[in-house]
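# Coordinates in review
Chain residues, written in single-letter form:
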Amino acid sequence: MKLNYCYHTHNYRCGHAVGSFNDYIEEFEKLGYTSIGFSDHAFFPGISHKGMRGDFSEIDSYIKEFNEAKEQHKNLNLFLGFEVEYMDRYDSYYDELFTKYNFDYLIIGQHLSYNEKGEIVPYFGFNLKDNLEGIIRYKNDLIKAIRSGKFLYIAHPDIFMHSVTKITPEILDICEEIVKTAYECNVPLELNIGGTRYYNLKSQSEGTNPYPNYYFWQFALKYPIDVVVGLDVHNPLHIATSPLNLPEYFIQKFNLNLLTNQQLEQKIAKIKARYNR
Ligand SMILES: [Zn+2]
Ligand SMILES: [Zn+2]
């Protein structure tokens, strides 16, 4: 499998990735990618979370740096985005990212949530295994995001499976509900490569289920969803070493419809049109 696009790319701003826009662009270009979307962890007004995301005060310089990189690479299609967590109270902020800040797209990466004070409210984690209450909250927030129609796609929708040690009927129902909703709303789900870098070995050695996750994606046989492959790169060197045979395996096994870059660019344009852009 060969990809010519990636819409899940981080950079140094989040505090746990390395490399500037230009560092990633140069590496992507060498490997034949023609469309690159930057989706670093969103900066949220009122939330300070060092090591996870940039501070909101950096937003103008993030955009400026992107625009400078874009100016230098007119031969490529470059897109400005964020990977955001969905929270009700930020609903108008997501709109503003399109209208006020001229973002091209947003993807959902529902890692955790924050309360009104900006404190982390986790859904799951290495120290929070089989936390059904948190996983249900995760699923409910994810479904609101899918239904909103504001997001290009859902990154690693099966991320919660890394903290699941027992496959129960409740867990399978949650997997099915997410896949079914994405299918009904025509929102693509992402086969995420990042799981191979951060979770697989550890999760497997602990007997848990990493992502992409077999139990989750099997529901695509019932609901033929569209999928996107996301590299979720946090280092320019990850691009060349991303194991594309993994998403390829899932695509074949579960008969997934991998979107072309043209289809993704049409989706980006369609969401922007909602904001008259
Ligand atoms: Zn990250
Ligand atoms: Zn990511």
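Predicted model, so just to flag it, every value in this text is computed and none were measured. (Residues numbered from 1 in each chain as written. Chains lettered and ligands numbered in written order. Predicted model: local features only at pLDDT ≥ 70, side-chain atom pairs only at ≥ 80, totals over all residues. Heavy atoms only, no water.)

## Overview of the packing of aromatic side chains
Per the counting criterion, the structure on display carries 35 aromatic pairs. Relative to Phe79, the ring of Tyr7 lies with its centre 5.6 Å away and its plane at 50 degrees, an arrangement referred to as tilted. Separated by 72 residues along the polypeptide, Tyr7 in the loop between β1 (5-6) and α1 (21-30) and Phe79 in strand β3 (residues 77-84) bring together distant segments of the chain. An identical accessibility class is assigned to Tyr7 and Phe79; each is buried. Relative to Tyr138, the ring of Tyr123 has its centre 5.6 Å away and its plane inclined at 80 degrees; by these criteria the two rings are edge-to-face. Here Tyr123 is found in the loop between β6 (120-121) and α4 (132-148), whereas its partner Tyr138 is found in helix α4, with 15 residues between them in sequence. As far as the burial class goes, Tyr123 and Tyr138 line up, both buried. (Phe/Tyr/Trp six-rings, centres within 6.5 Å; stacked < 30°, edge-to-face > 60°. Helix = DSSP H or I, 4+ residues; strand = E, 2+ residues; numbered from the N terminus. Buried < 20%, exposed > 50% of the residue type's maximum accessible area, 1.4 Å probe, protein only.)

## Remarks on the coordination of the zinc ion (ligand 1)
Ideal coordination angles are 109.5 degrees for a metal with four donors arranged tetrahedrally and 90 or 180 degrees for a metal with six donors arranged octahedrally. All of the protein donors around the zinc ion (ligand 1) are His16 (NE2), His41 (NE2) and His234 (NE2); their distances to the metal are 2.0 to 2.1 Å. A distance of 4.6 Å spans the gap from the zinc ion (ligand 1) to the zinc ion (ligand 2). Of this pair, His16 sits in the loop between β1 and α1 while His41 sits in strand β2 (residues 35-41), and the two are 25 residues apart along the sequence. (Donors = N, O, S within 2.8 Å, 3.2 Å for Na, K, Ca; no water.)

## Some remarks on the coordination of the zinc ion (ligand 2)
Taken together, His8 (NE2), His10 (NE2), Glu83 (OE) and Asp232 (OD) make up the protein donors of the zinc ion (ligand 2), found 2.0 to 2.3 Å from the metal. The motif formed by the donor residues of the zinc ion (ligand 2), counted along the single chain, is H-x1-H-x72-E-x148-D.

## Thoughts on the side chain of Ser35
Relative to the helices and strands, Ser35 resides in strand β2. Judged by relative accessible area, Ser35 falls into the buried class, the value being 0%. At 2.7 Å, the side chain of Ser35 forms a polar contact with the side chain of Asn261. In this structure the side chain of Ser35 is engaged in a polar contact, spanning 2.8 Å, whose partner is the side chain of Glu265. Contact partners of Ser35, with chain neighbours within four places excluded, come to Asn4, Tyr5, Cys6, Tyr7, Asn77, Phe79, Asn261 and Glu265. (Polar contact = N/O pair within 3.5 Å; in protein donor to acceptor, adjacent residues only side chain to side chain. Contact = heavy atoms within 4.5 Å.)

## Thoughts on helix α10 (residues 245-253)
Because each turn of an α-helix spans 3.6 residues, side chains separated by three or four positions in sequence point in the same direction. When we look at burial in α10, the residues that qualify are Pro247, Phe250 and Ile251. Burial along α10 is one-sided: seen end-on, the buried residues are contained in an arc of 100 degrees. The exposed set on the far side of α10, more than 90 degrees from its buried face, consists of Asn245 and Gln252. The secondary structure elements touched by the buried residues of α10 are β8 (189-192), α8 (214-217), β9 (226-230) and β10 (257-258). One or two positions beyond α10, positive phi appears at Asn255, with a value near 55 degrees. (Arc of directions from axis to C-beta.)

## Brief notes about the side chain of Ser163
On the secondary structure map, Ser163 appears in the loop between β7 (153-154) and α5 (169-185). If we ignore the near neighbours within four places in the chain, the residues touching Ser163 are Phe124, Gly125, Leu128, Lys129 and Asp130.

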